[in-house]
Protein chains: 2
Amino acid sequence: MKLIENWFSERYSENLQLSFRVSDQLLSVKTDYQRIDVFDTYDFGKLLSIDGTVQLTEKDEFVYHEMITMFPYYYAERPPRKALVIGGGDGGVAGQLLSLGVESITNIEIDNQVVEVCKKYFPDLADSFRDPKVDLRIEDGIKYMKSSREKFDLIIVDSTDPEGPAEGLFGLDFYRDVKEKLSPGGIVVAQSGSPFYQPKALKMAYNSARSVFRNSIVYTAFIPTYPSGFWSFTMSSDDKLEPRGTNIEPGKYFNSSILKGAPELPEFVKKILSE
Amino acid sequence: MKLIENWFSERYSENLQLSFRVSDQLLSVKTDYQRIDVFDTYDFGKLLSIDGTVQLTEKDEFVYHEMITMFPYYYAERPPRKALVIGGGDGGVAGQLLSLGVESITNIEIDNQVVEVCKKYFPDLADSFRDPKVDLRIEDGIKYMKSSREKFDLIIVDSTDPEGPAEGLFGLDFYRDVKEKLSPGGIVVAQSGSPFYQPKALKMAYNSARSVFRNSIVYTAFIPTYPSGFWSFTMSSDDKLEPRGTNIEPGKYFNSSILKGAPELPEFVKKILSE
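Since this is a predicted model, take the numbers as computed values, not measurements.

A. Broad picture of the environment of B:Gln113. Residues and elements named next belong to chain B. Of note, glutamine 113 is situated in helix α3 (residues 112–121). When the C-alpha atoms of glutamine 113 and isoleucine 36 are compared, they prove to be 8.4 Å apart, with 77 residues separating the residues in sequence. Discounting residues that sit within four places of it in the chain, glutamine 113 has contacts with Val29, Thr31 and Ile36.

B. Representation of the sheet that holds strand β9 (residues 134–138) of chain B in the model. Residue and element names in this part refer to chain B. The mixed open sheet is built from 7 strands, whose spatial order is β9-β8-β7-β10-β11-β13-β12. Edge positions in the sheet fall to β9 and β12 (215–222), since each has one partner strand and no second. Between one strand axis and the next, the sheet turns through 15 degrees on average, direction left out of account. Summarising the sheet, strand β7 (residues 82–87) and strand β8 (residues 104–109) pair through 5 bridges and their orientation is parallel. What sits directly across from alanine 83, in β8, is isoleucine 105. Of the strands in this sheet, β11 (182–191), β12 and β13 (230–237) are in contact with helix α7 (residues 199–212), which crosses β13 at around 10 degrees.

C. Summary view of the confidence of the model for chain A. Of the residues in chain A, 99% reach a pLDDT of 70 or more, and the chain-wide mean stands at 94. Listed scores for the predicted complex are pTM 0.96 and ipTM 0.95.

D. Highlighting the environment of B:Asp90. All names here are of chain B. Within the fold, aspartate 90 resides in the loop between β7 and α2 (92–99). Taking the number of C-beta atoms within 10 Å as the measure of exposure, aspartate 90 has 27 and is therefore buried. Along the chain, aspartate 90 and aspartate 239 lie 149 residues apart, while their C-alpha atoms are 30 Å from each other. If near-sequence neighbours (up to four positions away) are discounted, aspartate 90 is found in contact with Leu48, Gln55, Leu56, Val114, Cys118, Phe122, Leu125 and Ala126.

E. Here's a closer look at the interface of chain A and chain B. On the side of chain B, 33 residues touch chain A, which itself brings 33 residues to the contact. Elements with a minimum of two residues in the side of chain A that touches chain B: β3 (16–30), α8 (256–261) and α9 (267–274) of chain A. The biggest single contributor to the side of chain A that touches chain B is β3(A), with 6 residues. Sheet topology note: the β3(A)/strand β3 (residues 16–30) of chain B ladder contains 5 bridges and is antiparallel.

F. Geometry of the packing of helix α6 (residues 172–181) of chain A against helix α7 (residues 199–212) of chain A. All names here are of chain A. Here α6 crosses α7 at 45 degrees, and the two axes come no closer than 9 Å. Accordingly, the angle class assigned to the pair α6 and α7 is oblique. Note that α6 runs across α7; the crossing there is right-handed. Along the contact surface, α6 presents Leu172, Tyr175, Arg176 and Lys179, while α7 presents Ser208, Ala209, Ser211 and Val212. Looking at the contact of α6 with α7 residue by residue, the class counts come to 4 nonpolar, 2 polar and 2 charged.

G. Inspection of the domain arrangement of chain A at higher detail. Residue and element names in this part refer to chain A. You can read the domains of chain A as domain 1 (3–57) and domain 2 (61–274). Using C-alpha coordinates to define each centre, domain 1 is positioned 23 Å away from domain 2. Each partner contributes residues to the interface: domain 1 has 19 residues there, and domain 2 has 19 residues. For the side of domain 1 that touches domain 2, the elements supplying multiple residues, two or more each, are β3, β4 (35–41), β5 (46–50) and β6 (53–57).

H. Spotlight on the sheet that holds strand β9 (residues 134–138) of chain A. All names here are of chain A. Spatially, 7 strands are ordered β9-β8-β7-β10-β11-β13-β12 in an open sheet, and the strand pairing comes out mixed. The two strands at the open ends of the sheet, each matched to only one other strand, are β9 and β12 (215–222). For this sheet, the mean angle separating the axes of adjacent strands, direction not counted, is 15 degrees. As judged from the 5 bridges shared by strand β8 (residues 104–109) and β9, these two strands associate in the parallel manner. Counterpart to asparagine 107 in the pairing with β9 is leucine 136. Where helix α1 (residues 61–73) meets the sheet, it contacts β10 (152–158), β11 (182–191), β12 and β13 (230–237), and its direction lies at approximately 155 degrees from that of β10.

I. Here's a closer look at the relation of the copies chain A and chain B. The operation relating chain A to chain B is a screw motion whose rotation component is 180 degrees, with 0.0 Å of axial translation and a residual RMSD of 0.0 Å. What we have between these two chains is a two-fold relation. A shared interface surface links the copies, since 100% of the contact residues of chain A are contact residues in chain B too.

Cut-offs applied
Per-chain numbering applies: the sequence of each chain, read as written, is numbered from 1 onward. As they are written, the chains are lettered A onward and the ligands numbered 1 onward, keeping that order. For this predicted model, a pLDDT threshold of at least 70 governs which residues receive local features, and a threshold of 80 or more governs which side-chain atom pairs are given and counted, while totals over whole chains, interfaces and linings are taken from all residues. By definition, any uninterrupted DSSP run of H or I lasting at least four residues is a helix, any uninterrupted run of E lasting at least two residues is a strand, and each is numbered from the N terminus. Think of it this way: build a C-beta for each residue from its backbone, and any pair within 7 Å is a contact. Strands are labelled as partners when DSSP assigns at least two bridges between them. Geometry is summarised by axes, namely lines fitted to C-alpha atoms with helices restricted to the contacting stretch, and by angles between N-to-C directions that run from 0 to 180 degrees. pLDDT measures the predictor's confidence residue by residue and takes values from 0 up to 100. Partly exposed residues are those whose C-beta has more than 12 but fewer than 20 other C-beta atoms within 10 Å; 20 or more makes a residue buried and 12 or fewer makes it exposed, with C-beta atoms placed from the backbone. Comment on the angle field: the value is read as roughly parallel under 35 degrees, roughly antiparallel over 145, roughly perpendicular from 65 to 115, and oblique elsewhere. Helix crossings fall into two classes, left-handed where the near helix is turned counterclockwise from the far one by less than a right angle and right-handed where it is turned clockwise. Only Asp, Glu, Lys and Arg are considered charged in this grouping, and only Ala, Val, Leu, Ile, Met, Phe, Trp, Tyr, Cys and Pro are considered nonpolar; every other residue, Gly among them, is considered polar. Domains are outlined according to an automatic or database domain assignment. Alignment of the copies relies on least squares applied to C-alpha atoms, considering only residues that score at least 70 for pLDDT in both.

What follows is the structure, encoded as structure tokens:
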């Protein structure tokens, strides 16, 4: 998008931006749904941007992908065997699920081009789609939720921001449909934005989840290339939500300390959720 | 410093920068120790920069100042009555200590100009120096530690990065001197940089602390205007380090959840500390 003198900048507002010096712009394509750009940056390796916002970089994608996958996995009473991913067209979440030994993964991505771009530029992530345990379908996640009759132990909503095609993934209707697709004791988790810059997205995801599920908790992680560096996830279940994992194999970010600490929220985040 | 078309940019490396749109540059002065700039930004209110790095903004200073003050305060067995601040020329730490009811605060700042600039542009912080409980001295913190005979219940090292005048504040000699100035059961805490961009600063502070004190822990906080948004603090004592506070009055960031969660470190931070 904005490539001025070899800098790619993500505008967090009209008045604030993070800029990466890039050695090359590898791709810029407008799909039916969004604009996709791939840059080669000096500090973060290759970077995927959708509609001008950083989706992932090679150097720090591990934080987001571990936290949206390993964290809920270790809250499940029994290891989840069947998982659904809504979004996640880069393959990062599917890859984490495979590493955890999940046996069956259905991955619903709306934009085929995201998958194709990631297969080419981020093969370490998108190669997960080659695994026969992963059923990748190019389909609207919201429609899939209404039409499918399958049930899942773990549903992961790995979406873009609540503007554009992902907007419906933060709403009440979607959460009602999610609930019908969960096995007894199943867990759903969704990325819910930066509490600092997108308190409304967090509030919307949390309110929707809370209206539908008996238990919802918000947890956070530090992601250096996302706005403010501080990111939220909202996890829900009709079962009790408490860490049940033992024998935790740490990732590069996630470990048993993070399992305890990530849901301990700063006061300003508690205020967002309670207001 | 770098003010291009009304943007102030902090370079995190040659290849990465965060930029704030500013309505005005209020001050730029070179002192005996460093360059001080004050900008009026659109999103974060007034911003203080030293040698091109953001020290504080009106909008998010509360995170840093609460976390370097309230957090160790609630680890003390008895409420600290006598505190020493090394650095902290903006008055933010002294202000937090006053709010907590600390009776006697000695604040050693090397650069008088920092104090004068903050009195003018950040009076909400620097007004703490008007309180008779605060003894502000313009002096080299390292020399003060060698010469003073006083003892303190809590020592807070609120320094700039370990380049320039603050370098010695991360070293072993300094920590040895700190130990001699602590009352029995006393606690010392220091900012120790971004684990993501400054792992060496963190490692240095932690190693120095650990060589001298029986117990040291690292805890983190999310600070949107600091590099990577993720910041570390290193806290040490010869006494046991565990939360002892009850009746915790939350701040805007700090609360009893953060008291539990902030020392739960991501795996890559544990690696930095153990390698």
